[in-house]
Amino acid sequence: METLDNVLTRRSANRLTGPAPDDAELEVLLKAAMTAPDHGRLLPWRLVTLRGEDRVELGRCLAGLAADDPGARERAAAKPLRAPLLLAIVFSPVEHPKVQRWEQLAATAAVVHTLSLLLHDRGYASIWRTGPATEDSGVRGLHGLGPGEQLLGWLYAGTSMVAAPPRRPYEVGPRLIALADIAGPN
Ligand SMILES: Cc1cc2nc3c(=O)[nH]c(=O)nc-3n(C[C@H](O)[C@H](O)[C@H](O)COP(=O)(O)O)c2cc1C
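Throughout this description, residue numbers start from 1 for each chain and increase along the sequence as written. In view of the model being predicted, local features appear only for residues whose pLDDT reaches at least 70, and side-chain atom pairs are presented and counted only at 80 or more, with totals across whole chains, interfaces and linings using the full set of residues. Side-chain descriptors were evaluated using all non-hydrogen atoms of the structure, hydrogens and water having been removed beforehand.

**Side note on the packing of helix α3 (residues 53–65) against helix α4 (residues 70–78)**
Two numbers describe a pair of packed helices, the interaxial angle and the distance between the axes.
Piece 1. Between α3 and α4, the least distance of the axes is 7 Å, while the angle of their chain directions is 150 degrees. Compared by their axis directions, α3 and α4 come out roughly antiparallel. As for how α3 packs across α4, the hand of that crossing is right-handed. Mapping the contact onto sequence places G59, L62, A63 and G64 in α3 and R73, A76 and A77 in α4. Angles shown run from 0 to 180 degrees and are taken between the N-to-C directions of axes, each axis being a line fitted to C-alpha atoms and, for helices, limited to the stretch in contact. For helices the rule is a DSSP run of H or I covering at least 4 residues; for strands it is a run of E covering at least 2, with both sets numbered from the N terminus onward. Any angle that is under 35 degrees is reported as roughly parallel, and any over 145 degrees as roughly antiparallel; angles of 65 to 115 degrees are reported as roughly perpendicular and all others as oblique. Should the near helix be turned anticlockwise from the far one by less than a right angle, the crossing is termed left-handed; should it be turned clockwise, right-handed. Contacts are assigned to residue pairs with any non-hydrogen atoms lying within 4.5 Å of each other.

Here is the structure:
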């Protein structure tokens, strides 16, 4: 797929089923996504794969956090089952004299988005999902987070069950301006 076309046609997909990339294919795609710009080449992240029963275990954790009614617990438990593969995104910033935390977060987001584009290029689809559960100690523990690390959510991956709706073209408008057009203080 041509790059411009790939970027323009990627959509977040809510309803995902199999197939999802296996570990070998995922490694190829991640190796490519890791080329995203990363100040200091710190690689301040890791991904944890959840497949099959792992998703049920996460669902159990989420159900435990849900409101005290059976419907809410059932809905929470079913959330991780919305895709065959979940990639938990663990942000693991390091102390660095030059590279600030926000730069490391930006580098991490760049890897995740590049991976979503590569998944799309291979015919898969994905959606990045977050939520308050990412801060829960049980959920953090399940994914092996250490102190100072942050769970940025999960990239749900698989094959979309519906055709991606076309994207309304964006208007760049005032979000791209020449310095010469900025009225200075004088
Ligand atoms: C950091 C991040 C967190 C997101 N969290 C959620 C989420 O919790 N739930 C959700 O439905 N979508 C989530 N999304 C996906 C966005 O909703 C989605 O990208 C947006 O609606 C635009 O859709 P598109 O990707 O098809 O352009 C998240 C996206 C990003 C980048």
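Let's pick the thread back up.
**Brief notes about the site of the ligand**
Piece 1. For this purpose, a residue is taken to be near a molecule or strand whenever a single non-hydrogen atom of the residue falls within 4 Å of it. In the vicinity of the ligand, the contacting residues are R10, R11, S12, I127, W128, R129, T130 and R167.
Piece 2. For the ligand, an oxygen atom lies 2.8 Å from a polar atom in the side chain of R11.
Piece 3. N or O atoms within 3.5 Å of each other form a polar contact, as long as, within protein, one can give a hydrogen and the other can take it, and as long as residues adjacent in sequence are counted only when both atoms are side-chain atoms. Taking T130, its main chain carries an N or O atom lying 2.8 Å from an oxygen atom of the ligand.
Piece 4. Using a 1.4 Å probe, accessible areas were evaluated by the Shrake-Rupley method; residue-level cover was limited to the displayed protein chains. Across the complex, the protein chains shield 53% of the 620 Å² of accessible surface that the ligand would expose by itself.
Piece 5. Here the shell around the ligand is composed, by residue class, of two nonpolar, two polar and four charged. Gly is placed with the polar residues, together with every amino acid not listed as nonpolar (Ala, Val, Leu, Ile, Met, Phe, Trp, Tyr, Cys and Pro) or charged (Asp, Glu, Lys and Arg).

**Points about the side chain of R129**
Piece 1. Within the secondary structure, R129 is located in strand β4 (residues 125–129).
Piece 2. A 1.4 Å probe rolled over the protein chains alone gives each residue an accessible area, and that area as a share of the maximum for its type sets the label: buried under 20%, exposed over 50%, partly exposed in between. In this tally, Asp and Glu contribute negative charge and Lys and Arg positive charge; neither His nor the terminal groups of the chain are included. By convention in these notes, a salt bridge is any Lys or Arg side-chain nitrogen within 4 Å of a carboxyl oxygen on Asp or Glu. Of the side chains with opposite charge, E135 comes closest to the buried, unpaired R129, at an N-O distance of 17 Å.
Piece 3. A polar atom in the side chain of R129 sits 3.0 Å from the side chain of N14.
Piece 4. Discounting chain neighbours no more than four positions away, the residues touching R129 are N14, R82, L152, G153, W154 and Y156.

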